[in-house]
Amino acid sequence: MTADTPIVRLADVRLDRGGRAVLRDISLDVPRGSITAVLGPSGSGKSTLLAALTGELAPAAGKVEVFGKPVPQAKKALLEMRKGVGVLLQGNGLLTDLTVAENVGLPLQAHTDLPKPVIRRLVEMKLHAVGLRAAADLFPRELSGGMARRVALARALALDPPLMIYDEPLTGLDPIASGVIMSLIKRLNDTLGLTSIIVTHHVHETMPVAGHAVVIANGGIVFSGTPAQLEASTDPLVKQFLNGEPDGPIAFDAVARSQAA
Ligand SMILES: Nc1ncnc2c1ncn2[C@@H]1O[C@H](COP(=O)(O)OP(=O)(O)OP(=O)(O)O)[C@@H](O)[C@H]1O
């Protein structure tokens, strides 16, 4: 992989779920060091796209490459690739019986042979990176929603993955905590030299930190460009999504409505 190789590349990808195509003709390059926002209304296929990047879902057509190589199908090779991909899941996934430090240390214990004092030191560094060093001995129930998200972020960073994927990182957070998380995502990306993909429907909170935005709707990519280009777009589909309008070319609640009618 050269410095110019995109960290993630999708070429003419089709992704199926339950025997039907959810996304078609998806082509996308994520350059090293960038922050890319993948936006789209509920049910548009954001999680499906994520599943393709982490190798949970094999493409029905086209190529999905991470770190310059096709995402492996074989279990061992896939696990190896995943060590390089930090994923912040929607639900945080913290284990309630473990302290903050123990939660953050889990990936290091599972995937390295490092001695305990080294793991402890690395955990301290990760907690410091998210501004929570003082919370090391607390249990998840003692944390606010924003703190818990930051602990989950520290854990996702534990193995120093070059690629971070954030799945709806703002769900359930108030505006202040949301602002903290977004600036943290940006700061970590820039200071640690990461590449970040943020999958979200929170357009307005995400645009200030993103360098590139992709909107998926109606089974494909309907916009790809800078946040400024997104803001200036006159495409009715993009405008409907940005303005949160129920009526327009995006049929995002078509099923619910026809059932309700
Ligand atoms: N395992 C599955 N089997 C069948 N259909 C599925 C499966 N998973 C998702 N789908 C369908 O694929 C489409 C895209 O779903 P997906 O969860 O990727 O959307 P999303 O954009 O992540 O939505 P949200 O923002 O609500 O999480 C939906 O129509 C959904 O019903």
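Residues numbered from 1 in each chain as written. Predicted model: local features only at pLDDT ≥ 70, side-chain atom pairs only at ≥ 80, totals over all residues. Heavy atoms only, no water.

Next up on the list: the site of the ligand. Every residue near the ligand is listed here: Arg17, Gly18, Arg20, Val22, Pro41, Ser42, Gly43, Ser44, Gly45, Lys46, Ser47 and Thr48. A distance of 3.5 Å is found between a nitrogen atom of the ligand and a side-chain nitrogen or oxygen belonging to Arg17. For the ligand, the protein covers 59% of the area, taking 630 Å² as the surface of the free molecule. Elements with a minimum of two residues in the shell around the ligand: strand S2 (20–30) and helix H1 (46–53). Examining the composition of the shell around the ligand, we find that three residues originate from one element, H1, more than from any other. (Near = heavy atom within 4 Å. Polar contact = N/O pair within 3.5 Å; in protein donor to acceptor, adjacent residues only side chain to side chain. Areas by Shrake-Rupley, 256 points an atom, 1.4 Å probe, with all protein chains shown as cover. Helix = DSSP H or I, 4+ residues; strand = E, 2+ residues; numbered from the N terminus.)

To continue, consider the side chain of Ser196. Inspection of the secondary structure puts Ser196 in strand S8 (residues 195–200). The class of Ser196 is buried, set by a relative accessible area of 0%. In contact with Ser196, not counting residues within four places along its chain, are Ser34, Ile35, Thr36, Met164, Tyr166 and Asn189. (Buried < 20%, exposed > 50% of the residue type's maximum accessible area, 1.4 Å probe, protein only. Contact = heavy atoms within 4.5 Å.)

Turning next to the sheet that holds strand S1 (residues 8–17). Strand order in the open sheet formed by four strands is S2-S1-S4-S5, with antiparallel pairing between adjacent strands. Only two strands of the sheet have a single neighbouring strand rather than two, namely S2 and strand S5 (69–70). Both S1 and strand S4 (residues 61–66) contribute to a ladder of five bridges, which runs antiparallel. Across the sheet, residue Arg14 finds its bridge partner in S4, namely Ala61. (Pairing = 2+ DSSP bridges.)

Moving on: the UniProt feature "domain: ABC transporter" (unreviewed entry) in the protein chain. When the UniProt feature table is mapped onto this chain, "domain: ABC transporter" (unreviewed entry) is found at residues 8–243. Between the first and last C-alpha atoms of residues 8–243 the distance is 29 Å; the span itself is 37% helix and 26% strand. (UniProt positions renumbered as here; feature names shortened; annotations may be inferred.)

Another point: the environment of Leu108. Within the secondary structure, Leu108 sits in helix H3 (residues 100–111). Apart from the residues within four sequence positions on either side, Leu108 is in contact with Leu114, Ile119, Leu122, Val123, Ala158 and Leu159.

On to the nonpolar core. For soluble globular proteins, the rule of thumb is that nonpolar side chains tend to be buried together. Counting 50 residues, the largest nonpolar core has Leu39, Leu127, Leu153, Met207 and Leu230 as the members making the most contacts within it. Elements with a minimum of two residues in this core: strand S3 (35–39), H3, helix H4 (116–129), helix H5 (145–156), strand S7 (163–167), helix H6 (175–191), strand S9 (212–217) and helix H9 (236–242). Formed jointly, this core draws a minimum of three residues from each of two domains, domain 1 (1–23 + 33–84 + 162–261) and domain 2 (90–160). Aside from chain neighbours lying at most four places away, what touches Leu153 is Leu88, Val130, Met164, Tyr166, Leu184 and Leu188. Of all hydrophobic cores here, the second largest spans 30 residues; its members include Ile26, Val30, Leu49 and Val85. (Core = buried A, V, L, I, M, F, W, Y, C linked by side-chain atoms within 4.5 Å. Domains from an automatic or database assignment.)

Structurally, Thr36 is set in strand S3. Under the relative-accessibility criterion, Thr36 is labelled buried at 1%. Counting along the chain gives 99 residues from Thr36 to Ala135, while the straight-line C-alpha distance between them is 30 Å. Leave out the neighbours within four places in its chain, and Thr36 touches Val30, Ser196, Ile197, Ile198, His212 and Val214.

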